[in-house]
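Fold and geometry: a report
Chain by chain, the residues:
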Amino acid sequence: MSAPTATPDHQDRPEQPYSVRSALPRDVREIRDLVAPYADERILLAKEMVGYYEAVQEFVVAQDATAALIGCGALHVMWSDLAEVRTLAVHPAWRGHGVGHALLGELLDRAKALGLQRVFCLTFEIAFFTRHGFRAIAGTPVDTDVYAELLRSHDDGVAEFLDLARVKPNTLGNTRMLIEL
């Protein structure tokens, strides 16, 4: 049984003084710069530049009227029915203006378009994700066969999802959340 999502479809969102689009390789440096302060505070994981380039197709970005990037987020497919929202960051000057909502809405729309049924996140922003239909979970919401397959991944985000000890220093205090689409 799917829980209703609190996020409206992308087409229903009002016009904003910014736009959301797919990220391009030319955006990677600005994405890194948006994430850096959050990584310094250990809110988001820091990545090497090559990691951003390798994952650029997973990212969406928000840009203001001057085309400056003001937010970013990524959707990483983990399994046939499951993805993770990653690296959701909004420039501090734009927090509270709906940018995070628009980015998350776009990522959830993409998950639906891919036929995914569940989206996971690991976050300190519990209230934000709760408003969008996510709920806190305990454990790893996959069966033992999928868990065994995911263990083969070298991706730190998958290790976070699996709650592996090697990523514990980066995940202390975070809440594991999930939405069913």
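Higher on the page you've got the structure.
Residues numbered from 1 in each chain as written. Predicted model: local features only at pLDDT ≥ 70, side-chain atom pairs only at ≥ 80, totals over all residues. Heavy atoms only, no water.

A few words on unusual backbone geometry. One can expect most non-glycine residues to show negative phi and most peptide bonds to be in trans. Phi at R42 is positive, roughly 65 degrees, even though this residue is not glycine. Note that R42 resides in the loop between α1 (28-40) and α2 (49-54). The phi dihedral of T87 falls on the positive side, at around 55 degrees, and the residue is not glycine. Structurally, T87 is set in strand β4 (residues 82-90). (Helix = DSSP H or I, 4+ residues; strand = E, 2+ residues; numbered from the N terminus.)

This part is about the nonpolar core. Grouped together as the largest cluster of nonpolar side chains are 25 residues, with contacts concentrated most on V85, V99, L104, V119, F129 and F134. Listing elements by their share of this core, those giving two or more residues are β2 (59-64), β3 (69-79), β4, α3 (99-113), β5 (118-123), α4 (126-131) and β7 (175-180). The element that contributes the greatest number of residues to this core is α3, accounting for seven residues. Residue contacts for F129: discarding those within four places in its chain leaves V85, L88, L104, C121, T123, F134 and M177. V28, A39, V56 and C72 belong to the second largest nonpolar core, which has 18 residues in total. (Core = buried A, V, L, I, M, F, W, Y, C linked by side-chain atoms within 4.5 Å. Buried < 20%, exposed > 50% of the residue type's maximum accessible area, 1.4 Å probe, protein only. Contact = heavy atoms within 4.5 Å.)

As a further point, take the side chain of D81. Looking at the secondary structure, you find D81 in the loop between β3 and β4. Non-local contacts of D81, meaning those with residues more than four positions away in its chain, are made with L116, Q117 and R118.

Here we come to the sheet that holds β7. Here seven strands make up an open sheet; going across it, the order is β1-β2-β3-β4-β5-β7-β6 and the pairing mixed. Only two strands of the sheet have a single neighbouring strand rather than two, namely β1 (18-22) and β6 (135-136). Note: β3 against β4, seven bridges, orientation antiparallel. Across the sheet, the residue bridging to A74 is R86, located in β4. The strands that α1 touches are β2, β3 and β4; relative to β3, the one it contacts most, it runs at about 90 degrees. On the sheet, α3 packs against β1, β2, β3, β4, β5 and β7 and is oriented at approximately 30 degrees with respect to β3. (Pairing = 2+ DSSP bridges. Axes fitted to C-alpha atoms, helices over the stretch in contact; angles between N-to-C directions.)

This part covers the pattern of salt bridges. Pairs can form between side chains of opposite charge once their charged atoms are near each other. Applying the stated criterion across every chain, the model contains seven salt bridges. Between D81 and R118 there is a salt bridge whose closest N-O contact spans 3.2 Å. With a gap of 37 residues between them, D81 in the loop between β3 and β4 and R118 in strand β5 connect regions that are remote in the sequence. The class of D81 is buried, set by a relative accessible area of 18%. What makes R118 buried here is its relative accessible area of 15%. (Salt bridge = Lys/Arg side-chain N within 4 Å of Asp/Glu carboxyl O.)

Right, let's get into the packing of aromatic side chains. Scanning all chains against the criterion turns up four aromatic pairs. When the centroid spacing of 5.8 Å and the interplanar angle of 85 degrees are considered together, the rings of Y18 and W94 count as edge-to-face. Of this pair, Y18 sits in strand β1 while W94 sits in the loop between β4 and α3, and the two are 76 residues apart along the sequence. Geometrically, the ring pair formed by F128 and F129 is edge-to-face, given 5.1 Å between the ring centres and 90 degrees between the ring planes. Comparing F128 with F129, the two get one shared label, buried. (Phe/Tyr/Trp six-rings, centres within 6.5 Å; stacked < 30°, edge-to-face > 60°.)

Of all the six residues making up β2, six are buried; the element is thus mostly covered by neighbouring parts of the structure. Taking every second residue as pointing to the same face, both faces of β2 are buried, with F59, V61 and Q63 on one and V60, A62 and D64 on the other. Where β1 lies against β2, five bridges are found, and the strand directions are antiparallel. Of the residues in β2, the one forming a bridge with S22 is V60. Looking at chain direction, β2 and β3 are connected through five bridges and run antiparallel. Bridge assignment links V61 to a residue of β3, and that residue is C72.

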